[in-house]
Amino acid sequence: MLLIDHHGAGVVSIGLNRADKRNAINVEMSYALEEALLGFKYDTEIRTIVFYGVGQHFCAGMDLKDFFASSTLSPSALAKAKAATEHWRTRLLREMPQKLITAVNGYCFGAALPFLANSEQVFAHPDAVLGLPEINFGFAPGAQILKSVSQKLNAKGLAYAALTGRPMSASLAKRWGLVHQVSPEDPFARALEYAREL
């Protein structure tokens, strides 16, 4: 579910690795993210963590089949998985002592946005598409996601994303504060280069 690589100089990359599902976060990946972040949180040799998506997309958000009504998990197992997700998404990302950097290409929706909100730098490809599409499926974005994203995305951008469900381009996300740099160069390569310079 994750590709974890050490690049030397205290730099680690974590790749979301469900390319065939546009790296949508399922239960297995969510547990893996919680475990990885807990492990790195207390590793004093790690200075910087770079997040990226394997393949053409960063992350299409949560895997609806795993986390909602169509889930095949028992109610207790689903509740446990949701608790683990909230743990890394709302607490661990915010509490990590390392500098966090995110590289965005392709889709970056919903539950993927807290990665960006907690990152010191976000590098995006011009073709990246970001947003909070939940309203298009009949429900509002989670309160914790909105709280996290509001740390970076300005009020106009947050209202646009949450109330319309329309995607925003990388350049628009930069204008509204969620993305720091937009370039046609490989965002993961640029993120690693930046991480090594810190």
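See the structure shown above.
Residues numbered from 1 in each chain as written. Predicted model: local features only at pLDDT ≥ 70, side-chain atom pairs only at ≥ 80, totals over all residues. Heavy atoms only, no water.

An account of helix α8 (residues 187-197) is requested, with residue identities and associated values reported.
Buried residues of α8: Pro187, Phe188, Arg190, Ala191, Leu192 and Ala195, and no others. On its buried side, α8 packs onto β2 (11-16), β3 (48-53), β4 (99-104), β6 (121-124) and β9 (181-182). (Buried < 20%, exposed > 50% of the residue type's maximum accessible area, 1.4 Å probe, protein only. Helix = DSSP H or I, 4+ residues; strand = E, 2+ residues; numbered from the N terminus. Contact = heavy atoms within 4.5 Å.)

Would you mind going over the pairing of β4 in detail, with residue names and values included?
Burial analysis of β4 places five of its six residues in the buried class, the great majority of the element. Judged from the four bridges that link them, β3 and β4 form a sheet pairing that is parallel. Looking at β4, one finds that threonine 48 is bridged to lysine 99. Two elements, β4 and β6, share four bridges in a ladder whose sense is parallel. (Pairing = 2+ DSSP bridges.)

Help me get a handle on the packing of helix α1 (residues 27-41) against helix α3 (residues 75-95), residues and values and all.
Taken N-terminus to C-terminus, the directions of α1 and α3 make an angle of 40°; their axes are 9 Å apart at the nearest point. Taken together, α1 and α3 sit at an angle that is classed as oblique. As α1 packs across α3, the resulting crossing turns out to be left-handed. Contact residues: Val27, Ser30, Tyr31, Leu33, Glu34, Leu37, Leu38 and Lys41 in α1; Ala77, Lys80, Ala81, Ala84, Thr85, His87, Trp88, Leu92, Leu93 and Glu95 in α3. The residue makeup of the contact of α1 with α3, split by class, is eleven nonpolar, three polar and four charged. (Axes fitted to C-alpha atoms, helices over the stretch in contact; angles between N-to-C directions. Parallel < 35°, antiparallel > 145°, perpendicular 65-115°, else oblique. Left-handed = near helix turned anticlockwise from the far one by under 90°. Nonpolar A, V, L, I, M, F, W, Y, C, P; charged D, E, K, R; others polar.)

Please give an account of the pairing of β3 that cites residues and values.
With six of its six residues buried, β3 lies for the most part within the structure. In this structure, β2 lies alongside β3, joined through six bridges in parallel fashion. Across the sheet, valine 11 pairs through a bridge with threonine 48, a residue of β3. Regarding topology, α1 serves as the crossover connection from β2 to the parallel β3, and that connection is right-handed. (Right-handed = clockwise from strand over helix to strand, strands pointing away.)

Tell me about the sheet that holds strand β5 (residues 107-109), and name the residues and values.
Read from one edge to the other, the open sheet built from three strands follows the order β5-β7-β8, with strand pairing classed as mixed. Two strands bound the open sheet, and with one partner strand each, they are β5 and β8 (168-169). With two bridges connecting them, strand β7 (residues 129-131) and β8 associate as antiparallel partners. Along β8, the bridge assignment pairs leucine 130 with methionine 168.

Got a sec to walk through the packing of aromatic side chains? Specific residues and values, please.
All chains considered together, the criterion is met by seven aromatic pairs. Arranged with centres 5.2 Å apart and planes meeting at 55°, the rings of tyrosine 160 and tryptophan 176 form a pair that is tilted. Residue tyrosine 160 is located in helix α6 (residues 155-164), and its partner tryptophan 176 is located in the loop between α7 (170-175) and β9; the two are separated by 16 residues in the primary sequence. You can call tyrosine 160 partly exposed: its relative accessible area is 24%. Each member of the aromatic cluster is reached from another via a ring pair, and the members are Phe51, Phe58, Trp88 and Phe115. (Phe/Tyr/Trp six-rings, centres within 6.5 Å; stacked < 30°, edge-to-face > 60°.)

Tell me about α6, and please be specific about residues and values.
Along α6, the residues that are buried comprise Gly157, Leu158, Ala161 and Ala162. Buried positions in α6, seen along its axis, are confined to an arc of 110° and lie on one side of it. Facing away from the buried surface of α6 by more than 90 degrees, the exposed residues are Ala155, Lys156 and Leu163. Check the buried side of α6 and you find it contacts α5 (143-149) and β8. (Arc of directions from axis to C-beta.)

Go over the pattern of salt bridges, please, and point to the residues and values.
Summed over all chains, the structure comprises six salt bridges. Glutamate 95 is paired through a salt bridge with arginine 91; the nearest N and O atoms lie 3.5 Å apart. With glutamate 95 and arginine 91 both in helix α3, this residue pair falls four residues apart, about one helical turn. Linking glutamate 185 and arginine 190 is a salt bridge whose minimum nitrogen-to-oxygen distance equals 3.8 Å. (Salt bridge = Lys/Arg side-chain N within 4 Å of Asp/Glu carboxyl O.)

Would you mind going over the side chain of arginine 190 in detail, with residue names and values included?
Considering the arrangement of structural elements, one finds arginine 190 in helix α8. Since its relative accessible area comes to 14%, arginine 190 is described here as buried. Setting aside anything within four residues of it in sequence, one finds arginine 190 in contact with Phe123, Gln181, Ser183 and Glu185.

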